[in-house]
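A closer look at the structure
Given next are the chains, with one letter for each unit.
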Amino acid sequence: MPRPRFLILFLGVLLSGVLLCQRGATAENPRLVTLASSGKARQRIVVAADASERVRQAAATLARYLERMSGAPFAVASGDGKSGVAVGLPKHFPTLTADLPGLDAKGTPDPTRTEDYRLRSHPQGLHLLGASELAVEHAVWDLLHRLGYRQFFPGAAWEVVPKTPDLRIAVDAVEHPAFYSRRIWYGFGTWDYNAQPYAEWCARNRVTSGIHLNTGHAYDGILSRNRAIFDAHPEYLGLLGGVRKSTKFCIGNPSLRQLVVEDALTQLRQKPEAHSVSLDPSDGGGWCECDRCAALGSVTDRALTLANQVAEAANKEIGPRYVGMYAYSQHSPPPGIRVHPRVVISVATAFISGGFSVDQLLDGWRKQGATLGIREYYSVNTWDRDLPGQSRGSNLTYLKTSLPHFHQQGARFLSSESSDNWGPNGLGYYLAARMLWDVNEADRLDALKEDFLKKAFGPAREPMARFYTLIDGASQPLLSDDLIGRMYRALSEARQRTDDAAIRARIADLVQYTRYVDLYQAYTTATGAARQSAFEALIRHAYRMRKTMLVHTLALYRDLHRRDKSVTIPADCAYNVPEGKNPWKSSEPFTEAELRTLLAQGIERHPLLDFTPVAFGRDLQPADRLGLPEKPVGSTGLYSRGKRSYYTWVTDPTQPLKLTVRAGLVYGSRGPAKLALYPAAETLGQAVADAEVPPDKAEHSITLKTTFTGLHRIEVTDAAAGTAVTWPEGMPVTLQSSPDAREDFHGRFTLYFYVPRGTKTVGGYSSGLGTLVNGSGKEVHTFTREAGYFSVPVGPGEDGKLWQFRHGTGQRLLMTVPPYLARSPRELLLPAEVIERDSRP
């Protein structure tokens, strides 16, 4: 629900140091209070005589930072809070108005209100009153934020403490978090260098939670804690192939359910402060095959039956408690039974089975009464390897749209797997933290980004704005010499614009990050002995820069070689061998000379694009007017994954489109492949036909009918399960493959494209092997493993012809010619303006 919003008038004037903030109107305008002027404290920090140590520490923190900002020491003393800056719980200051009841309608403590706090200024001081000790800490950091303080990323380098001798503020606000549980956590955990800075960042940006929601896979833990009972009762384990062995349990067994209930109650009694217990199933498949479990219904219904029973018992015998469970994998589909109101279902945004979208899952679970959460993936190191723009956490547009949307759908808990990779994702994590507390901050995202650029980089703001645009996931950056070269150039210009030591330290961190990206590109494109050397250089650099926290060194060091069997880590160089005994480990700081060298050499080694991209229209038509010669029919590879669009042309709508489809080629558990037919002439953009194909790897014939002529688009979606589509030879079918419509081919492909008359260069982006063949059938370029842009001159007489990508793998994104690929000339569709121009005599 929307939280109360009041007027907080902030006027930031550097010369006078007067700081005010505006956040909406109250019944009465907030009163201005002077905290410091002319470098002297005008208020003292007040705590109650019976305040806890944690509250006193929060007050001391406030005093310390106000002194750092104004240069004036602030005293901390006991008092009634009528004057001074009162810091504490409402009970500490009974004469002050807090408007923080913290109770539900029945008078029961409401855990969703434990983080509420009030900031209220008056002529004699300021109130910082929190519903809990955690809320008091939130109030302190919020006040400091309103006064200009920032902790953008973890670590001292990314802390911004403004210096001003005058501190004034007018504020009257009651704050309440949009999401009750807000977690941005490291998938590979913390190491010796990052645990404390990470915890500090979470506290200073209110990414801690009044409700700790346990949602991790729980069945294995239940089994481990009750091993003797399971040994005595093997019938409690799930039945697979006639054997009782699965940790998915025999949930149809009432005695098993009672055991799980007692285990949960024991956990809650041992930790009375715990808000929740997890009942999420163990990972993977292996659900019980017995008749009693089948009688419970779907896999989801079985898991939910167990969670419901625990929630019922816990809330009856312990008191208000939550039971956490994911909607994930085989238990992601919505249930056929009601959900206990204290069971929180966190819908996963990946690894969904049954062919459902995230919105469909949210809707289905909500209709059964679920309290909703989100299990997000802002960064998974094994997916993105800390590269620019490869994760959701780096995509500012995704964050801006998804968080308000999830909240509007009813989600009030969010837990996101992430990484210690603040180089590519730091700005995204910071902005997500702001929106997790207040989803309305999404409307201010541009202002928040501008605030980051100005406060973190000052006079270097402009080149750093270009840097962060380059690595924004919304722009889908392609790993290439051009990208790395532009990153180096932006950082070099930024360094030249400032002598400020704090700003230069941040730029230095990002220079080290860019060097990491540089080394990663070199590693992934190397082979043989050179690959091992490149891998060693990568790990050495990642370890040396680890304290910047811009790449997740622990994850890279532990995992990268396990998935790449072409490289090894010697025993004495392993991640757990300490520095001093490990020749790969050095914590020597990068010197100024080294940073200059990294920039200079990086710029020299990474040239920018030598061609200008050309835009083409999307009004496609058959290319037969060009009189292209017949060519051998090629192939589109083995299958597509995720979403693919096929463009086709309908001359006679009485003849339906007949396709052969095989689905589930990679995963058989993610639901059917879905096909939809969209005519270009359908003014509302709606599909006129659709079909589903089961994920059984078998061939299925489907028919799509239309009443329209002309251009149509066939959209295939399959939750990345793998789908192969074939069509009759000669039927016009074309794929678009460009930076804004990227095809990733799986398996070898041979496809044709057209080079218009007058074209001087065939340019684009490639990743994967293969050759480029010109219109005369001559191989003019060989693609290697190295991902990047390619540029091939068009020789005399080679324009106005079909060229070919032969025996390719990976991606081919065309940027100077129409980005449309087909198996043969008869199947090729091209932009109307290209056909019209090139078909003229």
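Residues numbered from 1 in each chain as written. Predicted model: local features only at pLDDT ≥ 70, side-chain atom pairs only at ≥ 80, totals over all residues. Heavy atoms only, no water.

Let us now look at the sheet that holds strand β24 (residues 689–693). Spatial ordering of the open sheet is given by β24-β23-β26-β21-β28-β35, a layout of six strands whose pairing is antiparallel. Unpaired on one side and paired on the other, β24 and β35 (820–821) mark the two borders of the sheet. Bridge analysis of strand β21 (residues 643–650) against strand β26 (residues 710–717) gives eight bridges, and the strand direction is antiparallel. Across the sheet, the residue bridging to Y647 is R713, located in β26. (Pairing = 2+ DSSP bridges. Helix = DSSP H or I, 4+ residues; strand = E, 2+ residues; numbered from the N terminus.)

The nonpolar side chains of a soluble globular protein tend to be buried with one another. Membership of the largest hydrophobic core comes to 135 residues, with the highest contact counts inside it found for L279, W365, F452, F457, M464, Y468 and Y516. In this view, Y516 contacts R385, D386, L387, L538, H541, M545, V551 and L556; residues no more than four positions away in its chain are not counted. By size, the runner-up hydrophobic cluster in this structure holds 38 residues, among which are V33, V47, F74 and L167. (Core = buried A, V, L, I, M, F, W, Y, C linked by side-chain atoms within 4.5 Å. Buried < 20%, exposed > 50% of the residue type's maximum accessible area, 1.4 Å probe, protein only. Contact = heavy atoms within 4.5 Å.)

On to the pattern of salt bridges. Here the structure, examined in full by the defined rule, presents 45 salt bridges. Of the charged contacts in the structure, one is a salt bridge between R204 and E159, with a shortest N-O distance of 3.2 Å. Taken together, the positions of R204 in helix α3 (residues 195–204) and E159 in strand β10 (residues 159–160) put the pair 45 residues apart, joining distant regions of the chain. On the basis of relative accessible area, R204 is assigned to the buried category, the value being 17%. With a relative accessible area of 13%, E159 lands in the buried category. With its nearest N and O atoms 2.6 Å apart, the salt bridge here joins D451 to K455. Residue D451 and its partner K455 are located together in helix α13 (residues 445–457), separated by four residues, close to a single helical turn. (Salt bridge = Lys/Arg side-chain N within 4 Å of Asp/Glu carboxyl O.)

Running from N to C, α13 and helix α16 (residues 501–525) cross one another at 110°; their axes reach a closest spacing of 8 Å. In terms of their interaxial angle, α13 and α16 are classed as roughly perpendicular. Contacts between α13 and α16 involve K455, A456 and F457 from the first element and I503, R506, I507 and L510 from the second. A class-by-class count of the residues in the contact of α13 with α16 yields five nonpolar, no polar and two charged. (Axes fitted to C-alpha atoms, helices over the stretch in contact; angles between N-to-C directions. Parallel < 35°, antiparallel > 145°, perpendicular 65-115°, else oblique. Nonpolar A, V, L, I, M, F, W, Y, C, P; charged D, E, K, R; others polar.)

Looking now at empty space enclosed by the protein. To find leftover empty space, a probe the size of one water molecule is rolled over the atoms. Under the criterion given, the structure shown has five cavities of 30 Å³ or more. S394, L396, P424, N425, G426, L427, G428, K449, Y468, I471 and D472 together form the lining of the largest cavity. In terms of residue count, helix α12 (residues 422–437) provides more of the lining of the largest cavity than any other element does, five residues in total. Looking at the lining of the largest cavity residue by residue, the classes come out as five nonpolar, four polar and two charged. (1 Å grid on protein atoms, 1.4 Å probe; cavity = no way out; pocket = protein on both sides within 12 Å on 5 of 7 lines; lining within 4 Å. Points joined across faces, edges and corners; volume = space filled by probe spheres on them.)

Our next topic: helix α11 (residues 396–408). Across its 13 residues, α11 extends 19 Å between first and last C-alpha, which sits within 8% of the 18 Å expected from 1.5 Å per residue. Looking only at α11, the buried set comprises L396, L399, S402, L403, F406 and H407. Buried residues in α11 make contact with β17 (343–352), α9 (358–367), β18 (371–377), β19 (411–418), α12 and α13. Regarding α11, its N-cap is N395, as a side-chain oxygen of that residue lies 3.2 Å from the backbone nitrogen of T397 further along. Phi for G410, located one or two positions after α11, is positive at around 110°. (Expected span 1.5 Å × (residues − 1). Polar contact = N/O pair within 3.5 Å; in protein donor to acceptor, adjacent residues only side chain to side chain.)

Our focus in this paragraph is the packing of aromatic side chains. Taken as a whole, this structure holds 44 aromatic pairs when the rule is applied. Here the aromatic rings of F457 and Y468 are separated by 6.2 Å at their centres, their planes lie at 40°, and the arrangement is tilted. Placement of F457 in helix α13 and of Y468 in helix α14 (residues 461–470) is noted, with a sequence separation of eleven residues between them. The exposure class of F457 is buried, given its relative accessible area of 0%. For the cation-ring pair, R544 lies above F590, with the distance from its terminal atom to the ring centre recorded as 3.9 Å. Residue placement shows R546 over the ring face of Y543; its charged tip is 3.9 Å from the ring centre. (Phe/Tyr/Trp six-rings, centres within 6.5 Å; stacked < 30°, edge-to-face > 60°. Lys NZ or Arg CZ within 6 Å of the ring centre and 35° of its normal.)

The next point concerns the confidence of the model for the protein chain. Confidence in the prediction of the protein chain, expressed as mean pLDDT, is 93, and 96% of residues score 70 or more. In this model, residues 1–27 is a region of pLDDT below 50 whose contacts with residues beyond four sequence positions or in other chains number 81 contacts. (pLDDT = per-residue confidence, 0-100.)

With that out of the way, let us pick up α9. Buried within α9 we find V358, L361, L362, G364 and W365. The inward-facing, buried residues of α9 contact α8 (299–317), β16 (322–329), β17, β18 and α11. Looking one or two places after α9, you find G369, whose phi comes out positive at around 90°.

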